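Survey of secondary and tertiary structure
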Amino acid sequence: MVTATENAQLRVVVEFSGGLEMLFSDQKRHVISIPTTDENGKPVTVAYLIEYLCKNVMKDSRKELFVLDSQIRPGILVLINDADWELEGEEKYAIQNGDNILFVSTLHGG
Amino acid sequence: MGTGNETGVEALNSLIASKEQELARLKKQLVEAEGADKRASEQAQETPWRWPLKAEEYDRYGRQIILPGFGTDGQLRLRASRVLLVGAGGLGCPAAAYLAGAGIGRIGIVDGDVVEASNLHRQIAHSTSRVGVFKAESLIAHLRDLNPLVQYTAYTTHLTPQNAEEIVSQYDLVLDCTDHPTSRYLISDTCVLLEKPLVSASALRTDGQLIVLNAPVGSQGSMKGGPCYRCVFPVPPPAESLTSCGEGGVLGPAVGTMGVLQAGEAIKVLLKGKGWLESEVEDVRPSLMLFSSPLLGGVSMRTVRMRGRRKDCFACGEGSKLSLASLKDGSTDYVAFCGGKGGATVNVLEPNERISAKQYADRRTKDEHLLLDVREAEHFSVASIDGAVNVPFSRIHTAAGEKERPSWLPPTLPTDAPIYVVCRVGNDSQVVTRRLKDIGMDEGGKRVIVDIKGGMRAWKNEVDETLPFT
Ligand SMILES: [Zn+2]
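All of these numbers come straight from a predicted model, not from anything done at the bench. Along each chain, residue indices are assigned from 1 in the same order as the chain's sequence is written. Chains carry letters from A onward and ligands carry numbers from 1 onward, assigned in written order. A pLDDT threshold of at least 70 governs which residues receive local features in this predicted model, and a stricter bar of 80 or more applies before side-chain atom pairs are shown or counted, although totals over entire chains, interfaces and linings include all residues. Heavy atoms throughout the structure, all of them, feed into the side-chain values; hydrogens and water do not.

1. Observations concerning the overall build of chain A
Here a strand is any run of E in DSSP of at least two residues, a helix any run of H or I of at least four, and the numbering for each starts at the N terminus. In terms of regular secondary structure, chain A is built from one helix and seven strands. Going from N to C terminus, chain A has its helices and strands arranged as β-β-α-β-β-β-β-β. The quantity called the radius of gyration is restricted to C-alpha atoms. Its globule counterpart is 2.2 Å times the number of residues to the power 0.38. In summary, chain A has a C-alpha radius of gyration of 14 Å against a globular reference of 13 Å for 110 residues, a match within 12%. Under the scheme applied here, a residue whose accessible area is under 20% of the maximum for its type counts as buried, over 50% as exposed, and between as partly exposed, the area being computed with a 1.4 Å probe on protein chains only. Burial status across chain A gives 52% buried among its 110 residues. Sequence-distant contacts in chain A: of pairs separated by 6 or more residues, those separated by 24 or more amount to 57%. Contacts are assigned to residue pairs with any non-hydrogen atoms lying within 4.5 Å of each other.

2. Side note on the interface of chain B and chain A
Taken together, the contact between chain B and chain A spans 43 residues of the former and 33 residues of the latter. A quick way to say it: buried area is the sum, across both parts, of accessible area lost when two parts are put together, with a 1.4 Å probe. Between chain B and chain A, the buried area comes to about 2900 Å², and carbon and sulfur atoms account for 56% of it. Any carboxyl oxygen of Asp or Glu that lies within 4 Å of a side-chain nitrogen of Lys or Arg is treated as forming a salt bridge with it. On the surface where chain B and chain A come into contact, there are six salt bridges. Between Glu86 of chain A and Arg310 of chain B there is a salt bridge; the shortest N-O distance is 2.9 Å.

3. A short note on the coordination of the zinc ion
Residues and elements named next belong to chain B. Distances from the zinc ion to its protein donors, Cys228 (SG), Cys231 (SG), Cys313 (SG) and Cys316 (SG), fall within 2.2 to 2.3 Å. Only nitrogen, oxygen and sulfur atoms count as donors, using a 2.8 Å cut-off from the metal that widens to 3.2 Å for Na, K and Ca. Water is left out, so coordination shells may look unfilled. Metal sites are grouped by the angles between bound donors: all angles between 85 and 135 degrees with four donors is tetrahedral, opposite donors over 155 degrees apart with the others between 65 and 115 is square planar for four donors and octahedral for six, and any other pattern is irregular. Every donor counted, the four donor atoms about the zinc ion form angles of 92 to 121 degrees at the centre, which fits tetrahedral coordination. All donors of the zinc ion come from a single chain, and their spacing in sequence reads C-x2-C-x81-C-x2-C. Of this pair, Cys228 sits in the loop between strand E6 (207-213) and helix H8 (229-232) while Cys313 sits in the loop between strand E8 (300-305) and helix H11 (324-328), and the two are 85 residues apart along the sequence.

4. Some words on the side chain of Asp60 of chain A
Residue and element names in this part refer to chain A. Residue position: Asp60 is located in the loop between helix H1 (46-57) and strand E3 (67-68). Note on Asp60: relative accessible area 1%, which makes it buried. Residues adjacent in sequence count toward polar contacts only when both atoms are side-chain atoms; beyond that, a polar contact is any pair of N or O atoms within 3.5 Å, and within protein one must be able to donate a hydrogen and the other to accept it. From its side chain, Asp60 meets the backbone nitrogen of Arg62 in a polar contact 2.9 Å long.

5. Overview of the packing of helix H4 (residues 92-102) of chain B against helix H5 (residues 135-146) of chain B
All names here are of chain B. Axis definition: a line fit to C-alpha positions, over the contact stretch in the case of helices; interaxial angles, taken between N-to-C directions, run 0 to 180 degrees. Running from N to C, H4 and H5 point in directions that differ by 30 degrees, and their axes come no closer than 9 Å. In terms of orientation, H4 and H5 fall into the roughly parallel class. Remark: the crossing between H4 and H5 carries right-handed chirality. Only Leu139, Leu143 and Leu146 of H5 make contact with H4, whose side of the interface consists of Gly92, Cys93, Ala96, Ala97, Ala100 and Gly101. For classification purposes, angles smaller than 35 degrees are called roughly parallel, those larger than 145 roughly antiparallel, those between 65 and 115 roughly perpendicular, and all remaining angles oblique. The sense of a crossing depends on the near helix, which, turned anticlockwise from the far helix by less than a right angle, makes the crossing left-handed and, turned clockwise, makes it right-handed.

6. A short note on the sheet that holds strand E9 (residues 354-355) of chain B
Where strands meet in a sheet, backbone hydrogen bonds hold them as pairs that are either parallel or antiparallel. Residues and elements named next belong to chain B. Two strands are said to pair when DSSP picks up at least two bridges between them. Spatial strand order, E9-E13-E12-E10-E11: five strands in an open sheet with parallel pairing. Edge strands, defined here as strands with exactly one partner in the open sheet, are E9 and strand E11 (389-390). Sheet topology places strand E10 (residues 370-373) next to E11; two bridges connect them, and they run parallel. Paired with Leu372 across the two strands is Val389, which belongs to E11.

7. So, the domain arrangement of chain B
Per the annotation, domain bounds derive from an automatic or database assignment of domains. Its domain assignment divides chain B into domain 1 (81-337) and domain 2 (351-462). One C-alpha centre belongs to domain 1 of chain B, the other to domain 2 of chain B; they are set 40 Å apart.

8. As for the side chain of Glu57 of chain B
Mapped onto the secondary structure, Glu57 of chain B falls in helix H2 (residues 55-65). Residue contacts for Glu57 of chain B: discarding those within four places in its chain leaves Gly62, Arg79 and Leu149 of chain B.

9. Some words on H4 of chain B
Of all 11 residues making up H4 of chain B, nine are buried, and the element is well covered by its neighbours. When we look at burial in H4 of chain B, the residues that qualify are Gly92, Cys93, Pro94, Ala95, Ala96, Ala97, Leu99, Ala100 and Ala102 of chain B.

10. Some details on the UniProt feature "modified residue: 1-thioglycine" (unreviewed entry) in chain A
Taking the numbering used here, the UniProt-annotated feature "modified residue: 1-thioglycine" (unreviewed entry) corresponds to Gly110 of chain A. Along the polypeptide, Gly110 of chain A turns up in the segment after strand E7 (100-105). The exposure class of Gly110 of chain A is buried, given its relative accessible area of 10%. For Gly110 of chain A, the contacting residues outside a window of four places in its chain are Gly89, Gly90, Leu91, Cys177, Thr178, Asp179, Ala203, Cys245 and Val255 of chain B. UniProt positions are given in the numbering used here, feature names are shortened, and annotations may be inferred rather than shown by experiment.

11. Describing the pattern of salt bridges
All names here are of chain B. One pass over the structure, following the stated rule, counts 22 salt bridges over all chains. For the salt bridge of Lys268 with Glu265, the shortest nitrogen-to-oxygen distance reads 2.8 Å. Taken as a pair, Lys268 and Glu265 lie in helix H10 (residues 252-277) at a separation of three residues, close to a single helical turn. Note on Lys268: relative accessible area 47%, which makes it partly exposed.

12. Things to note about the packing of aromatic side chains
In summary, the pairing rule links any two rings of Phe, Tyr or Trp, Trp by its six-membered ring, whose centres are within 6.5 Å, and it sorts them by plane angle into stacked for under 30 degrees, edge-to-face for over 60 and tilted for everything else. For the structure on display, the rule yields 12 aromatic pairs over all chains. Relative to Phe103 of chain A, the ring of Phe66 of chain A lies with its centre 5.2 Å away and its plane at 65 degrees, an arrangement referred to as edge-to-face. With Phe66 of chain A in the loop between H1 and E3 and Phe103 of chain A in strand E7, the pair connects residues that are 37 residues apart, well separated along the chain. Take Phe66 of chain A and Phe103 of chain A: they sit in the same class, and that class is buried. Geometrically, the ring pair formed by Tyr185 of chain B and Phe337 of chain B is edge-to-face, given 5.0 Å between the ring centres and 90 degrees between the ring planes. Note that Tyr185 of chain B is positioned in helix H7 (residues 181-194) and Phe337 of chain B in helix H12 (residues 334-337), a separation of 152 residues in sequence. According to the relative accessible area criterion, Tyr185 of chain B is buried, its value standing at 1%. The exposure class assigned to Phe337 of chain B is partly exposed, which follows from its relative accessible area of 30%. Taken together, the aromatic side chains of Phe16, Phe24, Phe66 and Phe103 of chain A make up a single cluster linked through ring pairs.

13. So, the state of the cysteines
Note on terminology: disulfide describes a covalent bond linking the sulfur atoms of two cysteines. Residue and element names in this part refer to chain B. Any two cysteine sulfur atoms within 2.5 Å of one another count as a disulfide. For the structure on display, the rule yields zero disulfides over all chains. Cys177 takes part in no disulfide bond, and the closest cysteine sulfur, belonging to Cys93, lies 9.2 Å away. Among the residues examined, Cys177 registers a relative accessible area of 3% and is labelled buried.

14. Topic: the pairing of strand E13 (residues 449-452) of chain B
Residue and element names in this part refer to chain B. The pairing of E9 with E13 spans two bridges and is classified as parallel. When the bridges of E13 are listed, Arg354 appears paired with Asp451. Examined bridge by bridge, strand E12 (residues 419-422) and E13 share three bridges and lie parallel to one another. Bridge pairing in E13 links Ile419 to Ile449. Following the chain from E12 across helix H16 (residues 428-438) to the adjacent parallel E13, one finds a crossover that is right-handed. The crossover handedness rule: strands pointing away from the viewer, path from first strand over the helix to second strand clockwise, crossover right-handed.

15. Thoughts on unusual backbone geometry
Cis geometry marks the peptide bond from Ala215 of chain B to Pro216 of chain B, where omega comes out at -10 degrees. Assignment of secondary structure puts Pro216 of chain B in the loop between E6 and H8. For Asp26 of chain A, which is not a glycine, the phi torsion comes out positive at approximately 55 degrees. Here Asp26 of chain A is to be found in the loop between strand E1 (9-17) and strand E2 (29-35). Classification of Asp26 of chain A as exposed rests on a relative accessible area of 60%.

Rendered as structure tokens:
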């Protein structure tokens, strides 16, 4: 179990699909560790995770394909443990250790 | 000789006698048989066919009728149903084939495109001999052969806000088998207004997605019923983030799988029947099915829970202004809503920062230069211009350290040697040209950096028509 000390980390499984993986080194699944609290001592949220991914995981310079006007780009679904993040509080959802966060780009081809 | 003749006459007489006997026996049999036939047909007229389905329907659909939960009632429901497929491509072909096979009463197909050779690896109901034929008609030719008991209607046009009501209103359920957000929003809005359930699928590269919407249908403005496409995707993706099958590629079996699953979901909705579709259920949460079959990995299917109806949904929410009239008069501009036409041309360069393919063909033999082809490696591997250096668009964007000299730049290239940038159709090349200038690769104006207008497509049209273009 992770205890809430300052050095404590949360282990999060982040997955990309629908082509978003191309922005993240062509890798669909990333297991990352993030701090339990942000710079203000608040529990980290999905918003924090998105910023973290942009800064630390995304190698592609086309940030606008992931984040637009500091919001997740329209056409990307965020799923927290296999549920639409709108059912979980969207970007305010506080991340728990072991969470699975899936970013899916909606497809339109047929 | 005389004796021989007599013996011959006797033998013939006896043969005739025996044949006459046989003839009499056959005539008697005939009379009996005719009587039996007459009685049978009289009986048949007295007791009409006692079964709800025709004999040929039992033969054809028996294997699905005996499924637990299906039964004769299920088959009758399918026979009484009318299903519309919008799109006769990679999704529509397999979806329509399974629906026709299952014995849907009436199937309508909307598609304004014609069959092309590049469709055939995935659009399995079309055929080489039908290249150039309207897809809606080609698909129906295939379906008629598969099951002549179904009624078919071809609409050789695209669905538009003007014709949507007239077409969709004649059906009970709609399958969205199209390939662009504009049609997806139009189909969903029409289904909300006409209270039709919608089975929506999509695919690209090796991935697919599937969701059942408006089921139960619920009425516009009520929170009862399943969400619509806009509830789930209220804002369309920016046009520049879209990739079509033509650019990104698509694996036939991946899009085929989605079409097959779509037919399965449609059958399931129809089997539940009108009563279920019209039931007033609050907070219906659909699930979105995500399919992935990467070339270098296994297959995965994952089902995620989606949100229900959105109170403030533009189409189905409370106070929605969307109506059949507003649809028709064009006040909902789907193309503008989705950020312009798909594959819109980019205009980031000034005319003097671009040259035509022909101009490049003239210059390439004269000056030392670098031709930078920014298509993805797969496109480049199919065919390229001699001497071109391939640095895919995505890699240019991952180049670390913006001020560093990129590793792809040949160290021997003089600082005043031009760089020509080419891509597939002339959009990415503009973005790259601008970026190379922004990071100072034009050596303060000493080096010319321009892009080739129209990309490799223009090169094929203007310079080398043998070039295989993908
Ligand atoms: Zn809605």
